[in-house]
Amino acid sequence: MAVFISALFICCLATLAMAYSAYTRRQSKGAVSVLVQMLGLSWWTLCYALQLINSYFPGSLPELSNDPLFWFKLLFLGVVVLPAGFLVFILQYTGVVESVGRRLLLALSIMPVATLVAIATDPLHGWFIGGFEPGTGEIFQGGPAFWVHAAYSYLLVLLADILLLRFVLVASPVFRRQALILLAGVLMPSVANILSIFHILPEPFERLDYSPFGFLVAAIVMLYNVRRRGFLTLMPIARTRIVEHMEDTVLVTDHLQRITDFNPAAKALFGSRNRMLEHGMQLEVLVPELTTFADKDMEAVKLQDEGADDLDLNVQHTPLLSERGGRLLGHVIVLRDVTELRRLLTDLREQLRQNERLRQVLKEQAIRDPLTDLFNRRWMELTLDRELARAQRESGFVVVCLLDIDHFKAINDTHGHDAGDRVLRTLADHVRTAIRAMDVGCRYGGEEFLIILPGATLAQAKEKIDALRRRFAAHSFAPDGPESVTFSAGLAAFPAHGVERPGLIKRADEALYSAKGAGRNQTICADTL
């Protein structure tokens, strides 16, 4: 008996350890119900051990009551919570309920409360103890209230076992193993309790309650699940309701990169590409493209299989670490098909490039003359204002040159407007060739052109324009146009001849008309007027 009592205390310590383990994981779904069960079981084994000490070793404990069954009755405070706590846990574990509400707790508390009331009032009616007296050599049979309590408890346990068994049949392999271990563990207390309350074992073993030892086995199994299989940190309902219905491919591996779990989307993806997907196979065999995911972050991978279109997959990799010590347990890999998205992004980028090109074309069309492709008058005004402001800040120079084709009306009248347009385009080409990158050539209007030469002196500008004038005069437009065409030019400089655009252009225009009046085909500077 001393050995049996010692074993009860060991059971009490073991279940307290399990209760502490559940407490440290109390934020996880189901942990609170496990905590309640283990505390109830610890109380049961403690009170049962004290009852046996009081019965077989009289005087060893302080007298707390005249009732010889004081500790026996008290142990039911722990017994009544076990079936309800176990059912609540299984309801959460299998996903039958998302959370435990007040109504469920109230319904499950009716019978435990009634049982405790029957025990407390048993001296009045004897419905629970059934007239049993310790020390008489009789075996405890229990009254009707006891058997109602027992039937109710087994009904809850049976319901929980059915839910767990049904889950085993439909669960994925990783959770099936977990659930089978749990099922095997929780069956042991039932077996031990049946042997005890029906007194199946022979004398003298039939007088003892072996249920705590069955619960010890259950506690060890649950502790193994908690420590080794993430029992309370990886609830299968999350997988059943989320992962199973995800359109993305989900692969779970152990620390050796062996596939331990996958969702239907993964099976469909790799099945359509003739890749065999099985539990226990190496990840690198299934997806060789993912062999480097553990060494560096991979954002994308391309699957290329014969007879199937190439797939671009986005990769999200999450390592699974133990709660204590950070030991690597495995990996969760989520693959999302982004093939269509990448195609749309490629099309969008091309569309944006086309839009940018169109914007540039429209911008150029807005600031250029359509015939000569030189800048138009509006752009000239903006540019000249900008260059004059810069020259004023930096004490620099700006020269404005106004060109006008000599006898242009006669060219149109004699050779036609097509010939006149050809003359205009040719002069524009000569202007583009002659000016620097910083210079700006514009069509001012009709047969007039304006050139802005930032940083140039009046002498430098005159030399450049005279060279342009000679090259243009040497160009022949025959046989459909004139043999030779010339232009006259007038130059004005900032700040000598004006500090603002209108005044500076006016001085250049006066110099131009002076050149035409002097016989055309020459360049006149405003300072000579």
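This one's a predicted model, so the numbers in the text were calculated from it and none came from an experiment.

With an omega of 5°, the peptide bond running from Ala478 to Pro479 counts as cis. For the peptide bond that leads from Phe494 to Pro495, omega is 5°, which places it in the cis range. In this structure, Pro495 sits in the loop between β9 (487-494) and α19 (501-517). Positive phi, close to 60°, is recorded for Asn274, a residue that is not glycine. Here Asn274 shows up in the loop between α12 (264-272) and α13 (283-286). A relative accessible area of 70% places Asn274 in the exposed class. Of note, the phi angle at Arg520 is positive, near 70°, even though the residue is not glycine. Within the element layout of this structure, Arg520 appears in the loop between α19 and β10 (523-525).

Before going further, it helps to spend a moment on the packing of aromatic side chains. Within a pair of aromatic rings, the relevant descriptors are the distance that separates the centres and the angle that separates the planes. Counted by the stated rule, this structure contains 8 aromatic pairs. Between Phe146 and Trp147 the ring centres are 5.2 Å apart and the planes differ by 80°, which places this aromatic pair in the edge-to-face class. Members of the aromatic cluster, each reached through a chain of ring pairs, are Phe72, Phe76, Phe128, Phe146 and Trp147. Across from the ring centre of Phe375, 4.1 Å away, lies the NZ or CZ of Arg368, which sits over that ring. The ring centre of Tyr444 lies 4.1 Å from the NZ or CZ of Arg377, which sits over that ring.

Attention now moves to the pattern of salt bridges. Overall, the coordinates contain 24 salt bridges when judged by the stated rule. The shortest N-O distance in the salt bridge between Lys462 and Asp466 comes to 2.9 Å. Pair noted here: Lys462 and Asp466 are both in helix α18 (residues 458-473), with a separation of 4 residues, about one helical turn. What makes Asp466 buried here is its relative accessible area of 9%. Linked by salt bridges that have partners in common, Arg273, Arg275, Glu289 and Asp305 make up one network.

Strand β7 (residues 440-445) sits mainly inside the fold: 5 of its 6 residues count as buried. Hairpin remark: β7 followed by strand β8 (residues 448-454), antiparallel, with 2 residues in the connecting loop; positive phi at Gly446, about 60°.

Another point: the packing of helix α17 (residues 417-434) against α18. Direction vectors running N to C along α17 and α18 enclose 140°, while the axes themselves pass 10 Å from each other. With respect to α18, the element α17 is oriented oblique. The two elements α17 and α18 cross, and the hand of that crossing is right-handed. In contact with Val423, Thr426, Leu427, His430, Val431 and Ala434 of α17, α18 contributes Lys464, Leu468, Arg471 and Phe472.

Next up on the list: the sheet that holds strand β2 (residues 259-262). The antiparallel open sheet is built from 5 strands, whose spatial order is β2-β1-β5-β4-β3. Edge positions in the sheet fall to β2 and β3 (300-303), since each of these pairs with one other strand and no more. Mean inter-strand twist for the sheet, computed between neighbouring axes without regard to direction, equals 30°. Sheet topology places strand β1 (residues 249-254) next to β2; 3 bridges connect them, and they run antiparallel. Looking at β2, one finds that Leu251 is bridged to Phe262. Contacts from α12 reach β1, β2, β3, β4 (311-321) and β5 (328-337) within the one sheet, and its direction differs from that of β1 by about 100°.

Attention now moves to the confidence of the model for the chain. Mean pLDDT over the chain: 83, with 86% of residues reaching 70 or higher. Mean pLDDT values over the elements of the chain span from 52, in helix α11 (residues 236-241), up to 97, in β8. In the model, residues 229-235 has pLDDT below 50 throughout and makes 31 contacts with residues more than four positions away in sequence or in other chains.

Considering the arrangement of structural elements, one finds His430 in helix α17. Apart from residues lying up to four places away in sequence, His430 is in contact with Leu468, Arg471, Phe472 and His475.

Our next topic: the sheet that holds strand β6 (residues 398-405). Taken in spatial order, the 5 strands make up an open sheet running β7-β8-β6-β9-β10, and their pairing is mixed. In this open sheet, the two strands that pair with only one neighbour each are β7 and β10. Within this sheet the neighbouring strands show an average axis-to-axis angle of 20°, counted without direction. In this sheet, β8 lies alongside β6 in antiparallel orientation, the contact comprising 7 bridges. Across the sheet, the residue bridging to Val399 is Leu453, located in β8.

Calculation notes
Residues numbered from 1 in each chain as written. Predicted model: local features only at pLDDT ≥ 70, side-chain atom pairs only at ≥ 80, totals over all residues. Heavy atoms only, no water. Helix = DSSP H or I, 4+ residues; strand = E, 2+ residues; numbered from the N terminus. Buried < 20%, exposed > 50% of the residue type's maximum accessible area, 1.4 Å probe, protein only. Phe/Tyr/Trp six-rings, centres within 6.5 Å; stacked < 30°, edge-to-face > 60°. Lys NZ or Arg CZ within 6 Å of the ring centre and 35° of its normal. Salt bridge = Lys/Arg side-chain N within 4 Å of Asp/Glu carboxyl O. Pairing = 2+ DSSP bridges. Axes fitted to C-alpha atoms, helices over the stretch in contact; angles between N-to-C directions. Parallel < 35°, antiparallel > 145°, perpendicular 65-115°, else oblique. Left-handed = near helix turned anticlockwise from the far one by under 90°. Contact = heavy atoms within 4.5 Å. pLDDT = per-residue confidence, 0-100.

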